[in-house]
Amino acid sequence: AILESIADFNKLNVKKIDFIVVGAQDWNYTTTPQRGLNGRSIAYNRGFVLGGSSSVNYMVYTRGSKEDYDRWAKVTKDNTWSWDNLVPYMRKNELFSPPSDGHNTTGQFDPAVHGFHGINAVSLAGFPSPVDARVIETTTQLAEYPFNVDMNSGYQLGIGWGQATIKNGSRSSSATSYLAPQFTSRPNLNVLLHARVTRVLQTNSGAIRTVEFVQDINGQRFTLTAEKEVILSAGSIGTPNILLHSGIGNSSTLTSMGIKPVHNLPSVGQNLSDHCLIFLPFLVNSTDTFENAERNATLAALQFEEWNTSRTGPLVDNPLSHIGWLRIPDNSSIFERFPDPAAGPNTSHYELIVSNGLLGPPPPTGNFLSISPAVVSPVSRGTVTLSSSDLFADPIIDPNLLGSEVDFFIMREALKSALRFSAAPAWENYVISPFGLNSTSTDAEIDDFIRQNTGTVYHPVGTASMSPKGATWGSRGS
Ligand SMILES: Cc1cc2nc3c(=O)[nH]c(=O)nc-3n(C[C@H](O)[C@H](O)[C@H](O)COP(=O)(O)OP(=O)(O)OC[C@H]3O[C@@H](n4cnc5c(N)ncnc54)[C@H](O)[C@@H]3O)c2cc1C
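Residues numbered from 1 in each chain as written. Predicted model: local features only at pLDDT ≥ 70, side-chain atom pairs only at ≥ 80, totals over all residues.

- Looking at an unreviewed UniProt entry, the protein carries the name Aryl-alcohol oxidase, with the source organism given as Mycena venus.
- Under the UniProt heading Sequence similarities (unreviewed entry), the entry covering the protein gives this text: "Belongs to the GMC oxidoreductase family."
- For the record of the protein, the UniProt heading Cofactor (unreviewed entry) holds the text "FAD". (UniProt positions renumbered as here; feature names shortened; annotations may be inferred.)

Printed below as a string of structure tokens:
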């Protein structure tokens with residue numbers, strides 16, 4: 001059942017709680033000033049809603065490369081995390097669905113690598129983007145950007161059609177899939193809304209099976225104790241925040257903050273890794289881009305009406321049409337001093353995201369194309385730490401974006417790659433010029449542009465990281 005309050009829960013008179021799943025619009029977090037971004041602090045979105053960030057994200061469906069998962073297996077010394085062992089679960093989860101416009105998708109994805117009977121819907125775009133043909137033409141013109149029919153096959157390199165967690169023009173999230181009515185109506189699943197977890201606590205046996213929470217920040221604290229286990233899934237910011245307040249973290253740091261240590265696990269909140277991104281717009285010779293509806297309320301209302309009545313039109317999709325997964329050359333000078341950060345030779349260093357418009361608030365005039373680079377094998381590591389023992393204070397979030405020389409080098413090369421992509425013959429008479437950057441910019445000018453414009457794709461991970469059993473680090477450390 002979906003429950004509004006603990007009082008509603010108590011009325012159910014539940015005798016035994018097997019599992020407690022901590023899940024819940026935005027937490028409104030801001031990062032610390034980022035050294036790699038000229039000291040800028042940036043917004044750090046996290047979903048504050050049922051379904052968490054899956055209810056607010058860009059809906060891009062991308063698996064990692066085979067090598068990424070195989071590296072997980074190696075790091076954890078646990079082969080269940082390998083690609084071969086995880087793919088059956090990816091398939092089981094996936095409900096690959098026709099696009100909203102029902103167009104023929106032959107040659108736009110590989111059915112052999114998808115699941116068609118799961119609950120998390122995935123589909124190709126359901127409204128043609130005016131730049132589709134030029135992107136595909138580019139893959140035939142520049143050897144550097146080969147076409148990849150399905151970036152989610154385990155082999156990700158190349159340019160392919162974007163897949164999104166969308167069905168019939170609507171978002172498929174954890175809230176619409178795992179928490180769909182057929183599941184929340186199960187007698188052994190209750191979802192308590194408006195509950196904010198403050199800590200996880202030890203029972204008399206020492207096991208951590210009790211969850212402490214409030215329904216009103218100034219109100220009573222409640223506890224529930226699970227018969228079997230508590231699965232803490234509050235995301236890469238919420239999870240370490242709760243653990244640290246619970247005394248699970250670096251014991252000496254916790255003691256200095258007045259928090260009683262329960263378990264010394266110094267890795268909690270460390271090792272934060274994220275994908276940094278630059279929205280890279282190009283001024284184009286077109287009148288058919290996102291900017292039209294963004295500057296014209298009547299057109300926007302018409303598009304919304306179309307979506308609302310028939311789930312057709314431009315609003316059935318997320319704002320990107322194609323993605324490229326690409327590597328900097330193996331002989332890049334950065335590798336003379338640093339190891340290759342990718343999980344293997346078939347794993348990308350950076351992503352190029354193609355959109356038929358400027359991502360973000362549009363300037364008063366001009367039509368745009370974006371080819372936005374993101375660093376996807378990042379080396380920089382940041383932290384989530386406590387600002388105080390106040391259970392409701394925001395944690396201190398330092399993703400350390402572009403903190404490493406390797407990530408900066410890759411971002412610079414990715415940005416130059418986006419400029420090369422836009423210079424393919426396919427874009428002749430279409431792309432006028434990069435916006436905010438000159439194609440003859442010096443490295444120093446590009447570097448300054450990067451520091452001033454880099455943000456994030458909001459993919460923080462690693463703050464409660466997996467580790468081999470018995471390791472002295474990570475979630476299974478001593
Ligand atoms: C703007 C944005 C765009 C993104 N775009 C994409 C994309 O296109 N494709 C993609 O694959 N990924 C994308 N991501 C990342 C993706 O959404 C996340 O990686 C994923 O949702 C993480 O899942 P999670 O369950 O670990 O954490 P979350 O989804 O963040 O879920 C954590 C849940 O725990 C709740 N919670 C936290 N603390 C507490 C507490 N104390 N008490 C109670 N509840 C609590 C939160 O409210 C939330 O509901 C994006 C993220 C954002 C924010």
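Still more ground to cover, so stick around.
### Notes on the pairing of strand β22 (residues 368-375)
Part 1: With 8 of its 8 residues buried, β22 lies for the most part within the structure.
Part 2: The two faces of β22 match: F368, S370, S372 and A374 on one face and L369, I371, P373 and V375 on the other face are all buried.
Part 3: Strand direction decides the pairing type here: strand β21 (residues 350-355) and β22, joined by 6 bridges, are antiparallel. Residue pairing for β22: I353 is matched across the bridge by S372. (Buried ≥ 20, exposed ≤ 12 C-beta atoms within 10 Å, placed from the backbone. Helix = DSSP H or I, 4+ residues; strand = E, 2+ residues; numbered from the N terminus. Pairing = 2+ DSSP bridges.)

### Focus: the sheet that holds strand β13 (residues 208-214)
Part 1: Taking strand neighbours across the sheet as the criterion, the 3 strands line up as β12-β13-β14 in an open arrangement whose pairing is antiparallel. Where the open sheet ends on each side, the last strands, each with one partner, are β12 (196-202) and β14 (221-225). With strand direction ignored, the average angle separating the axes of adjacent strands in the sheet is 30°.
Part 2: Across 5 bridges, β13 lies against β14 in antiparallel orientation. Directly across from T210, in β14, lies its bridge partner T225. (Axes fitted to C-alpha atoms, helices over the stretch in contact; angles between N-to-C directions.)

### Some words on the nonpolar core
Part 1: By size, the foremost hydrophobic cluster in this structure holds 44 residues, and its most contacted members are L352, I371, V375, I410, M411, L415 and A418.
Part 2: Looking at which element gives the most residues to this core, the answer is helix α10 (residues 405-422), with 10 residues.
Part 3: Non-local contacts of L415, meaning those with residues more than four positions away in its chain, are made with I278, L280, P373, I446 and I450.
Part 4: Formed by 20 residues, the second largest nonpolar core is a distinct cluster that contains A195, A234, L244 and L254. (Core = buried A, V, L, I, M, F, W, Y, C linked by C-beta atoms within 7 Å. Contact = placed C-beta atoms within 7 Å.)

### Notes on the sheet that holds strand β8 (residues 163-164)
Part 1: Strand order across the open sheet formed by 3 strands is β5-β6-β8, with mixed pairing between neighbours. Sheet topology places β5 (94-96) and β8 at the edges, where each strand pairs with a single neighbour.

### Comments concerning the packing of α10 against helix α11 (residues 443-453)
Part 1: Between α10 and α11, the least distance of the axes is 10 Å, while the angle of their chain directions is 105°. Viewed along their axes, α10 and α11 adopt a mutual orientation that is roughly perpendicular. For the pair α10 and α11, the contacting residues are M411, R412 and L415 in the first and D443, I446, D447 and I450 in the second.
Part 2: Class assignment of the residues belonging to the contact of α10 with α11 gives a composition of 4 nonpolar, no polar and 3 charged. (Parallel < 35°, antiparallel > 145°, perpendicular 65-115°, else oblique. Nonpolar A, V, L, I, M, F, W, Y, C, P; charged D, E, K, R; others polar.)

### Quick word on the UniProt feature "domain: Glucose-methanol-choline oxidoreductase N-terminal" (unreviewed entry) in the protein
Part 1: Look at the UniProt record and you will see "domain: Glucose-methanol-choline oxidoreductase N-terminal" (unreviewed entry) annotated at residues 235-249.
Part 2: Overall, residues 235-249 shows 73% helix and 13% strand. The separation of its end C-alpha atoms is 16 Å.

### Section: the environment of T184
Part 1: Inspection of the secondary structure puts T184 in helix α5 (residues 181-184).
Part 2: The sequence separation of T184 and Y89 amounts to 95 residues, and the corresponding C-alpha distance is 21 Å.

### As for the environment of M411
Part 1: In this fold, M411 is placed in helix α10.
Part 2: Judged by local crowding, M411 falls into the buried class, with 27 C-beta atoms found within 10 Å.
Part 3: Distance in space between the C-alpha atoms of M411 and E294 is 29 Å, their sequence separation being 117 residues.
Part 4: With sequence-adjacent residues up to four places away left out, M411 is seen in contact with C276, P373, V375, L402, I450 and T454.

### Side note on the site of the ligand
Part 1: Around the ligand, the structure places 25 residues, and the nearest of them are G52, N57, Y58, G235 and G238.
Part 2: Listing elements by their share of the shell around the ligand, those giving two or more residues are β12 and α6 (235-245).
Part 3: Sorting elements by how many residues they give to the shell around the ligand places α6 first, with 4 residues.
Part 4: Broken down by class, the residue content of the shell around the ligand amounts to 11 nonpolar, 12 polar and 2 charged. (Near = placed C-beta within 6 Å.)

### Considering the UniProt feature "binding site: FAD" (unreviewed entry) in the protein
Part 1: What UniProt calls "binding site: FAD" (unreviewed entry) maps, in this numbering, to V49, N57, Y58, M59, V60 and V197. A maximum C-alpha distance of 29.0 Å is found for the annotated residues, which run over 149 residues; spatially they are spread out rather than grouped.
Part 2: Along the chain, M59 turns up in the loop between β4 (43-44) and α2 (66-76).
Part 3: Excluding residues within four positions of it along the chain, M59 makes contact with A164, T165, I166, R171 and N318.
Part 4: On the secondary structure map, V60 appears in the loop between β4 and α2.
Part 5: With residues near it in sequence (within four places) discarded, V60 still touches G162, A164, N318 and L320.

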